[in-house]
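Listed below, chain by chain, are the residues.
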Amino acid sequence: MTTPGIPRSAASATPYHPEGLEGAFVAWQAELLGMLYHMIGNAEDAQDALQETFIKCWRHQAELPEVDNLRAWVFRIAINTAKDYRATAWRRRRRGIEPTQLRLVAADEQDPGHQAQRQEQLEALRKAISQLRLEEREVFLLRQDGQLTYEQIAEVLNIPVGTVKTRMRLALAKLREALKQ
Amino acid sequence: MTVDPHTEQKLLELIYDLLPEAESAELRSRIASDPALAEAYAQAQTAAGLFAEAARLHAPKLALTPPTTAAVPAAAGVSLLPGPPSPVPAGVPAKAAARKQVDSSRRARNRWAHLVVGLAASLLLAISLGGYWYHRGQLAEIAAEHLRVIVVGPAVVYAEAPAEFHVQTTSVTGDAMSAQVELTLYSSEGKRLWAHHQKCDDDGRLTVGIPADVKLPPRARLEVLAVHRDKFERFDMPLAVEPARYLTRLWTDRSQYRTGELVHCRSVSMNRWWQTAERAFPVRFQLRDDSGKVVSETPLETVTTRGVAADALRLAASLPSGQYVLTASSAEGAIVPGTKRIDIMAGDTGSADSGDRNTSPQGVAAPTGGSALASRPALVQPHALAGSQPPAPAQTSSDTQASAFSEQGPTKAEHGTSARQKMLVQFFPEGGVLAPGLENRVYLRAVTADGKPLRIRGRIVDSADNRLVDVQTGEHGLGRFSIAPRVGQQYRLKIDSPQQPDAYFALPPAMAEQKAAISLAQGVVDAGSPLEFTVRVSKPGLPLVAAAYNGEVLVAQQPVVVTDETTPASASMPLPAQASGVIRLVLYDFSSAPPRPLAERMVYRRPSRWLDVQLAGVRKHYKPGETVEISVQTTNEKGQHVPAVLGISAVAERGPSSRTPSAGGSFDRRHPVDKVQTPLAELLNEAGLPDGRQLVSIDRLLSESPTDRDTLELLLGAQPPVYLKTAATLAEAAQRGPSQDAQAQRSPAQMSPMPGHLAATSTVVFQPPALYDNLQRLREQYDARLRQYQADRTRLLNTLTTISFFGGLGLVLLVAMLGVLRIVSGWHLWAPAVGATVCCLIIGAVLIDPSRLRPDGAGLVAFASYQPTADKKALQENGRGQDQSDQPGKAEQDRSIPSDAHRERGQQNNAFGRAGATPGLGGAVRKAARQSEELRRLSEPEILARRAVGRLSDSVPSEETVFWHPLLDTGAEGRTTIAFRLPDRPALVRLRIDAHAQGRLGGAELELVVSAPLDSPDTRADEAR
């Protein structure tokens, strides 16, 4: 089933994106960039990581015929790239670009009052996501748009499905509390 | 309406497919039926949307640059891209592309900057290190131009005895240099007598011995030439040549006599190096009192036969009781006089049988014997000994003795009251003097009032009465302990056993000027073994030389330099094979000339050749008046029968207090009667505890293997230093000067180096080894050469120095400029630049001043050259004289003349020494030598002390000589038989046999018990057998 509120533009039942790898990255850019940002904590590094993820995928596209789910494959590479960036973050020590500067395109056009309230809620939620435990954050970011099943996430992270669900419940509970506050 | 948080969570889980199917279906049905729950579900969906929105990060379409197509391995049959990939996808912002280009350019600049700085640092380091090694090589060449030569050897060479010289060649910086060394011996007329050339080993060491068969004139000169590459050092060492010396051992039938009795004397004179008796000498026996005055002498001189001279002295009835010294000397200077102490009691006391006082014992009657020999020793006319006037009697008291002894060497502390047992405890620091701050071994001996060894147990305490170490003496009253004294602290021995309340004996004080302490690993060493010892110093870098004397002949010497005051230096000094018996090890300080003896120690080296005397036909018990017949066999160390010359005495104890046979005292009663006993036992038995003079006199005659190694070690340790005292006396006399001569003669006791009655026949010759070391002169030349090298710097060296010194600064400036210009910066640039700069600055500083590289190692200790009989005038005439700095010893050290009989020989030596000596200083030292000669004629404090404690009382048991044969040959088969009649009453008969052959010495001693048949069941058992 599809999850309400989750954009479906990037949904794909086949491992191959109709517009190729570049098209897939364009379609999933927001999710990938968001996940990398929340994993790395720096918007500029997240952009570099996205570029690197793309290059990795490009170089390993020979493996694609054996890939069942392109999205899962791309997101697994992105997760690993983010982990690499986290491990070498002390060497870069860049001053990060605020994500607000990057969020140039509004998701929805609302009235100004509603939009301001929504921005506040989003800020609070971004902060809450950043404060999630890393393993909870990974699961949430992979699952947030409903495009990957829990089984696929478990395969990506190489952990049991039950663990994935448990981490997802915990993440939801924390985010719900953050939203109420 | 709101729902509870649990339901909210469940609704979220429903949205995210986290609920099981059944629960999910139930919840959906509830949502459909419950409007409030439906509203909450709608809110949960909104929240999920927000979650998704928050998880995303919206940005303009990024320029995802794929790699070049050629690098992409396309999957077969699969097209991933709708068209050919573009390097820069459409829509890439210009800003991002520009940033990428800037990063790429920056990386390139960084790489180049790193490369340039790294190359510059490496090049600079290479140049600087090259300059350093070039400079170092130049200095090594300069150092190699200066050949340091150290030669140590005896200043006096004895004819028929080998003399070893130790040569060491190094550079002026201490690096070993294996130089070719040539030693040539010339006579005073310039005739070449002997030559030897040999290359030093890799350590630059060489030991060369002048063979014993070289015919030496009275004066000789040893020329030493050391050559290394094109450099050489040549110098001369004048040598005084002494004729072959024969050591004399004096033997009497017994050690205690009464006035009017005959003293049967026997002397054995042998070559002290080879222990042979091929020459004959006229020998005269004299009896001296404790002041050195001759109270009796044999009218004629006796010529030795196979080394043996025998005669008899009649003791005048007017002689007072006391201790006397019997001497055997010769008008010829070839023999070293022998001495022996005897006790003489006046008058006829108790029930002493005086009936045989004027009779001769069995065997060979006085004056000489030789019935077993074909020829009888000849008699010669009496010879007036030169300078035999009696010296002035000593004016000393017990108090002055104690103070004199406490100045240096052993201290003798006597303590006692009427309520306590009177005892005498003497301390002998190993080496002679306590060195402060260093671990010192101290020997002690304790005797009772009558001179018998005393077992004591006590403790050493300091001034605050703190217990430092426990002390005890053994069977022979000897013991040892170790202590690290401090200057100004008074250490005392408190006696715990026997009970002596408030009794203490003071140790000698630690002398602040004593900078070294010597410690022997073993006091008794086996034949062929080297002398092993350790030296501790409180002042590192002392130029020390250890010298070993055997029979007063310098047999080995070795420089010792201790560089660490916390770690003792271990030394192993090889000795010639012939060196055996008592060896005196002396440590000299060669920081000035003449060298100063610092420590002195005696050690016993077992001989490699000896005689075994085996007795057969001996019983334990005999009847009175029975004739004893004993078979004597002499074998060498391999058990082969060898001919030998024997001297035999049998003495029976008699008198009112004579000991019962069962209580007869012998040093070692653990051995069976037919077991050979050693002269050590004789020493301990007869004379109580011998002093150092006795050991020096008997010297190599202590040839038998000691039965008790530890006892001998203790005995040797408990000897006063002789050389130290002689040197101190000479130095003190020299400092007094001529104006103080009279005073010195008036109060000589305070400077007495040895007992007076022994000094009358003293043979101790204080002669340090001669040493040549040119380091002091070389250092000056080396410094001048370095200054010249610095002044004449080559262009290459100047260039290297400039690059080293300023290149590093330039590199630092370059890195600083890169940072200022914001081209590149960081620790990865600064670290190599600063490191290379520091290295270059150090090397540049070294290159600017060459003296900074000059090694000043601990091994570079300059010895003061010392050549006591240097005939400088003759050397300068020959054009071979060295710089004065090599000959700092201007005071000629005359050899002290051992006895009046040697005056003629001494005058010859003096004439030789006067030729090139500085008149004033030489005269002063000669005067000091004469003063020393006078000082030797002093009374021995110990004799007075013994008299004071009543050792020489009338209760001493008297003895009767029942057999005396001074010269008996065992024949070619090494066998002979002796027979004599025992006394007609119960007695303890002590039979002593002294034996010698060519190169071998030996002896035996046993006791025969003469008792009535019913007195002893053992006797009956013996007879039954």
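One structure accompanies this document, and this report is about it. (Residues numbered from 1 in each chain as written. Chains lettered and ligands numbered in written order. Predicted model: local features only at pLDDT ≥ 70, side-chain atom pairs only at ≥ 80, totals over all residues. Heavy atoms only, no water.)

### Topic: the overall build of chain A
So, step 1. Looking only at helices and strands, one finds 10 helices and zero strands in chain A.
So, step 2. When the helices and strands of chain A are listed from N to C terminus, the series reads α-α-α-α-α-α-α-α-α-α.
So, step 3. In chain A, which comprises 181 residues, the proportion classed as buried is 49%.
So, step 4. A sequence separation of at least 24 residues applies to 67% of the contacts in chain A between residues at least 6 apart.
So, step 5. When the accessible surface of chain A is totalled, it reaches about 8,700 Å², and 47% of it is carbon and sulfur. (Helix = DSSP H or I, 4+ residues; strand = E, 2+ residues; numbered from the N terminus. Buried < 20%, exposed > 50% of the residue type's maximum accessible area, 1.4 Å probe, protein only. Contact = heavy atoms within 4.5 Å. Areas by Shrake-Rupley, 256 points an atom, 1.4 Å probe, with all protein chains shown as cover.)

### Concerning the nonpolar core
So, step 1. Of all hydrophobic cores here, the largest spans 76 residues; its most connected members are F25, F140 and L142 of chain A together with Y16 and F51 of chain B.
So, step 2. Counting residues in each nonpolar core, the second largest holds 33 residues, with V525, L542, A546 and A579 of chain B among its members. (Core = buried A, V, L, I, M, F, W, Y, C linked by side-chain atoms within 4.5 Å.)

### Some points on the pairing of strand β39 (residues 627-636) of chain B
Each regular strand carries side chains that alternate between the two faces of the sheet.
So, step 1. Across six bridges, strand β37 (residues 611-616) of chain B lies against β39 of chain B in antiparallel orientation. Note that in β39 of chain B the partner of V613 of chain B across the bridge is T634 of chain B. (Pairing = 2+ DSSP bridges.)

### Quick notes on a nonpolar patch on the surface
Residues and elements named next belong to chain B.
So, step 1. On the surface, a nonpolar cluster with roughly 510 Å² of combined accessible area is contributed by W112, L115, V116, L119 and L814.
So, step 2. Here the element with the most residues in the nonpolar patch is helix α4 (residues 94-144); it accounts for four residues.
So, step 3. With respect to the helices and strands, W112 occurs in helix α4. (Patch = residues over 30% accessible without salt bridge, like charges linked within 9 Å, V, L, I, M, F, W, Y side chains within 5 Å. Salt bridge = Lys/Arg side-chain N within 4 Å of Asp/Glu carboxyl O.)

### A word on the pairing of strand β12 (residues 282-288) of chain B
Residue and element names in this part refer to chain B.
So, step 1. The element β12 is largely enclosed, with a buried count of seven among its seven residues.
So, step 2. Of the two faces of β12, the one holding P282, R284, Q286 and R288 and the one holding V283, F285 and L287 are both buried throughout.
So, step 3. Where β12 and strand β14 (residues 301-303) come together, two bridges link them in antiparallel fashion. Bridging from a neighbouring strand, V283 pairs with T302 of β14.
So, step 4. Sheet analysis places β12 next to strand β16 (residues 322-329), joined by five bridges and oriented antiparallel. Directly across from Q286, in β16, lies its bridge partner T327.
So, step 5. Pairing of β12 with strand β13 (residues 294-297) involves three bridges; the strand directions are antiparallel. The residue bridging R288 from the neighbouring strand is V294, located in β13.
So, step 6. Where β12 folds back onto β13 in an antiparallel hairpin, the turn is made up of five residues, including G292, whose phi is positive at roughly 95°.

### A word on the packing of aromatic side chains
So, step 1. All chains considered together, the criterion is met by 12 aromatic pairs over all chains.
So, step 2. The interplanar angle of 80° and the centroid separation of 5.1 Å between the aromatic rings of F25 of chain A and F54 of chain A together place this pair among those described as edge-to-face. Of this pair, F25 of chain A sits in helix α1 (residues 20-27) while F54 of chain A sits in helix α3 (residues 43-59); the two residues are 29 residues apart in sequence, bridging distant segments of the chain.
So, step 3. Since its relative accessible area comes to 0%, F54 of chain A is described here as buried.
So, step 4. Sitting over the ring of Y504 of chain B, R492 of chain B keeps its end group 5.2 Å from the ring centre.
So, step 5. Note that R992 of chain B overlies the ring of W251 of chain B, its terminal NZ or CZ placed 5.0 Å from the centroid. (Phe/Tyr/Trp six-rings, centres within 6.5 Å; stacked < 30°, edge-to-face > 60°. Lys NZ or Arg CZ within 6 Å of the ring centre and 35° of its normal.)

### Some words on the packing of helix α8 (residues 134-143) of chain A against helix α10 (residues 161-180) of chain A
All names here are of chain A.
So, step 1. Where α8 contacts α10, the two axes come as close as 8 Å, and the packing angle between them is 90°. By the criterion of interaxial angle, the relationship of α8 to α10 is roughly perpendicular. The residues of α10 that touch α8, namely those facing E135, E136, V139, F140 and R143, are V164, R167, M168, L170, A171, L172, K174 and L175.
So, step 2. Looking at the contact of α8 with α10 residue by residue, the class counts come to eight nonpolar, no polar and five charged. (Axes fitted to C-alpha atoms, helices over the stretch in contact; angles between N-to-C directions. Parallel < 35°, antiparallel > 145°, perpendicular 65-115°, else oblique. Nonpolar A, V, L, I, M, F, W, Y, C, P; charged D, E, K, R; others polar.)

### A few points about the sheet that holds β37 of chain B
Residue and element names in this part refer to chain B.
So, step 1. One open sheet holds the three strands; their spatial order is β37-β39-β43, and the pairing between them is antiparallel. The sheet terminates laterally at β37 and β43 (975-981), the two strands that pair on one side only. With direction set aside, neighbouring strand axes in the sheet form an average angle of 25°.

Remember that the coordinates give geometry; whether it matters functionally is a separate question.
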